[in-house]
Amino acid sequence: MKTVIYGAGSLGTVLGAYLSKAGADVDLVTRNREHVDAMNKNGAHITGTVDMTVPVHALTPDEMTEKYELVLLLTKQLDNVNVLRGLQKNMTDDCIVCTLQNGLPELSVSEVVGEDRTMGCTVAWGATLHGRGVSELTSEPDSMSFGLGRMNGKKDEKLYAVKALLEKMCPVEIEDNFMGVRWSKLLINATFSGMSAVIGGTFGDAAENRESRVCCQNLIKECIDVAAAAGIKIEPVQGKDIVKLLDYKRNGLKKKLAFAIIPICIKKHRLLKASMLQDLEKGRKCEVDAINGVVCAYGKKYGVPTPYNDKVCEIIHGVEDGKYTCTSDNVKLFKSLKK
């Protein structure tokens, strides 16, 4: 399939390098002119837990002339509808849009291209963009995976074709309950991306500091409770049943055990720096409303309080408005909340 990675930032650059290295016919598209020029001149340089430089074909959106059979969508999802409408001239009539974005982006994607042409993919690895052709892979290679599926659970030739493409990078699991998988990733992002952005640190910083870990535990619990109220079965992550491991209900001993294992659960991704934090550091608006905000919205719909997710949204919007900065001192802003 002629493929475009639309939004070749931190994750898209790493994915594009792996696919290009494996011989896939893929273009990397980003608005970052300097990044495009550097990749075309020197290749995509992937640092961190690996070190490789791969020749790639990169371009800016205005340079796109071809029609693609597959769009791997990695932009911020705040404006998915307008982005995809603008991309339609570069799609074949049966082009698949596979969103690798956070939150629940399939809803807005299917609004433009239809449910049959929509696929979703959860990304169980992280990266940090350094610009000028360089992106850092922050997850261990042996811990990387994708979860792939459709909103309606349909399996067909195109789904398996996308699976085969993504397997050029790492293992891909086709998910029967894809929206349950989305909620697994949403739980992880609302918790660790949310706190990474709040404190200005990595996933490991959020999990290993005891005060911020209290916030993490409460964020996890809210996600589990909201999903249960909505009738959503949260799926295991890389074979681990996160609900069984981390949901303590009213069991005090289980709560202590769950608290103790939080850093272990995130150990292989401890160096990951949330894309929300990367955006905030660059003075950009971030996706908190599409991540923690989704948990809050579902909580309101199903009558489940979400004070910790509410507070994450409040703090991050405060950072965007110049009221706060991303610092570990922000943990104190959670003190008044019920645990």
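Owing to the predicted nature of the structure, the values given are computational and were not obtained by experimental measurement.

## A look at the sheet that holds strand β3 (residues 44-48)
By definition, the strands of a sheet pair up through backbone hydrogen bonds, in either a parallel or an antiparallel sense.
Link 1 in the chain: The strand order β4-β3-β10-β9 describes an open sheet built from 4 strands, whose pairing is mixed. The open sheet has two free edges, formed respectively by β4 (52-54) and β9 (127-131), since each of these has just one partner strand. Adjacent strand axes in the sheet meet at a mean angle of 25°, parallel and antiparallel pairs treated alike.
Link 2 in the chain: With 4 bridges connecting them, β3 and strand β10 (residues 134-137) associate as parallel partners. Residue pairing for β10: Thr47 is matched across the bridge by Glu136.

## Describing the sheet that holds strand β7 (residues 91-99)
Link 1 in the chain: Reading across the sheet, the 8 strands line up as β5-β2-β1-β6-β7-β8-β11-β12 and stay open at both edges, with mixed pairing between neighbours. This sheet does not close on itself; its edge strands, each paired only once, are β5 (57-59) and β12 (172-174). Averaged over all neighbouring strand pairs, the angle between strand axes comes to 25°, with direction disregarded.
Link 2 in the chain: Alignment of strand β1 (residues 3-6) against strand β2 (residues 26-29), held across 4 bridges, turns out to be parallel. Bridging from a neighbouring strand, Val4 pairs with Asp27 of β2.
Link 3 in the chain: Packed on one face of the sheet, helix α2 (residues 33-42) meets β2 and β5 and runs near 160° to β5.
Link 4 in the chain: Running over the sheet, helix α5 (residues 157-166) touches β1, β6 (68-73), β7, β8 (118-123), β11 (146-149) and β12 and is turned about 165° from β11.

## A short note on the state of the cysteines
Link 1 in the chain: Tallied over the entire structure, the rule returns 0 disulfides.
Link 2 in the chain: Considering cysteine sulfurs only, Cys121 is the nearest to Cys98, which forms no disulfide, with 5.0 Å between them.
Link 3 in the chain: Residue classification places Cys98 among the buried residues on the basis of a relative accessible area of 0%.
Link 4 in the chain: Sulfur of Cys223: no disulfide; nearest cysteine sulfur belongs to Cys296 and is 8.9 Å away.

## Side note on the pattern of salt bridges
Link 1 in the chain: Overall, the coordinates contain 24 salt bridges when judged by the stated rule.
Link 2 in the chain: For Glu106, the salt bridge identified is with Arg182, shortest N-O distance 2.6 Å. With a gap of 76 residues between them, Glu106 in helix α4 (residues 106-113) and Arg182 in helix α6 (residues 178-199) connect regions that are remote in the sequence.
Link 3 in the chain: Among the residues examined, Arg182 registers a relative accessible area of 1% and is labelled buried.
Link 4 in the chain: The partner of Asp156 in a salt bridge is Lys154, and the shortest N-O contact between them spans 3.9 Å.
Link 5 in the chain: With a relative accessible area of 38%, Lys154 lands in the partly exposed category.
Link 6 in the chain: Counted as one network, the salt bridges with shared partners bring together Lys2, Asp25, Asp27 and Glu66.

## What about the environment of Thr49?
Link 1 in the chain: Summarising the element assignment, Thr49 is placed in the loop between β3 and β4.
Link 2 in the chain: The class of Thr49 is partly exposed, set by a relative accessible area of 25%.
Link 3 in the chain: Residue contacts for Thr49: discarding those within four places in its chain leaves Leu137, Thr138, Ser139, Glu140 and Pro141.
Link 4 in the chain: A polar contact of 2.6 Å, which involves the side chain of Thr49, links it to the backbone oxygen of Ser139.

## So, unusual backbone geometry
Link 1 in the chain: Look at Arg132: it is not a glycine, yet its phi comes out positive at around 50°.
Link 2 in the chain: Look at Lys249: it is not a glycine, yet its phi comes out positive at around 50°.
Link 3 in the chain: Mapped onto the secondary structure, Lys249 falls in the loop between α9 (242-246) and α10 (252-265).

## Looking at the pairing of β2
Link 1 in the chain: Side chains of β2 alternate between two faces, with Val26 and Leu28 and Asp27 and Val29 buried alike.
Link 2 in the chain: Handedness of the β1-helix α1 (residues 10-21)-β2 crossover: right-handed.

## Details of α6
Link 1 in the chain: Along its 22 residues, α6 runs 31 Å from first to last C-alpha, staying within 8% of the 32 Å computed at 1.5 Å per residue.
Link 2 in the chain: At Asn189, α6 shows its strongest bend, of approximately 30°.
Link 3 in the chain: In terms of burial, α6 is a largely internal element, 21 of the 22 residues being buried.
Link 4 in the chain: Taken from the residues just after α6, Gly200 is the one with a positive phi, measuring 70°.

## Section: the side chain of Lys185
Link 1 in the chain: Among the structural elements, Lys185 can be located in helix α6.
Link 2 in the chain: In this structure Lys185 is buried but unpaired, with Glu287 as the nearest side chain of opposite charge at 9.5 Å.
Link 3 in the chain: If we ignore the near neighbours within four places in the chain, the residues touching Lys185 are Asn102, Thr122 and Val123.

## Looking at the packing of aromatic side chains
Link 1 in the chain: In total, this model carries 5 aromatic pairs according to the counting rule given.
Link 2 in the chain: Measuring from ring centre to ring centre gives 5.1 Å for Trp183 and Tyr298, while their planes differ by 75°; the resulting arrangement is edge-to-face. Of this pair, Trp183 sits in helix α6 while Tyr298 sits in helix α12 (residues 292-302), placing them 115 residues apart in sequence.
Link 3 in the chain: Under the relative-accessibility criterion, Tyr298 is labelled partly exposed at 24%.
Link 4 in the chain: Each residue in the set Trp183, Tyr298 and Tyr302 is aromatic and connected to the rest through ring pairs, giving one cluster.
Link 5 in the chain: Against the face of Phe259 rests Arg213, its NZ or CZ located 4.4 Å from the ring centre.
Link 6 in the chain: The ring of Tyr248 has Lys221 lying over it, and the distance from NZ or CZ to the ring centre is 5.1 Å.

Conventions and cut-offs
The numbering scheme is per chain: residues are counted from 1 as the chain's sequence reads. Confidence filtering applies because this is a predicted model: local features only for residues at pLDDT of at least 70, side-chain atom pairs given and counted only at 80 or more, and all residues used for totals across whole chains, interfaces and linings. Only hydrogens and water are set aside when side-chain values are computed; all heavy atoms of the structure are taken into account. Paired strands, in this sense, are two strands between which DSSP finds at least two bridges. A run of H or I in DSSP becomes a helix once it reaches four residues, and a run of E becomes a strand once it reaches two; helices and strands are each numbered from the N terminus. For helices, the fitted axis covers only the stretch in contact; all axes are lines through C-alpha atoms, and the angles between them, taken along N-to-C directions, range from 0 to 180 degrees. Note on definitions: a residue-residue contact is assigned when non-hydrogen atoms from the two residues lie within 4.5 Å. In this description, the term disulfide denotes a pair of cysteine sulfurs within 2.5 Å. Think of it in three bands: with a 1.4 Å probe and only protein chains considered, a residue is buried below 20% of the maximum accessible area for its type, exposed above 50%, and partly exposed in between. What counts as a salt bridge is simple: a side-chain nitrogen of Lys or Arg found within 4 Å of a carboxyl oxygen of Asp or Glu. Whenever a nitrogen or oxygen atom comes within 3.5 Å of another N or O atom, the pair is scored as a polar contact, on the condition that within protein one atom can donate a hydrogen and the other can accept it, and that pairs from neighbouring residues in sequence are kept only if both atoms are in side chains. Note on handedness: a crossover is taken as right-handed if, strands pointing away from the viewer, the path from the first strand over the helix to the second is clockwise. A helix is expected to span 1.5 Å for every residue after the first. The angle separating two fitted axes, one through the seven residues that finish at a residue and one through the seven that start at it, defines the bend at that residue. In this tally, Asp and Glu contribute negative charge and Lys and Arg positive charge; neither His nor the terminal groups of the chain are included. Geometry of aromatic contacts follows a simple scheme: Phe, Tyr and Trp rings, the Trp one being its six-membered ring, pair when their centres are within 6.5 Å, and the pair is stacked under 30 degrees between planes, edge-to-face over 60, tilted otherwise. Here, a charge over a ring is recorded when the distance from Lys NZ or Arg CZ to the ring centre is within 6 Å and its angle to the ring normal is within 35 degrees.

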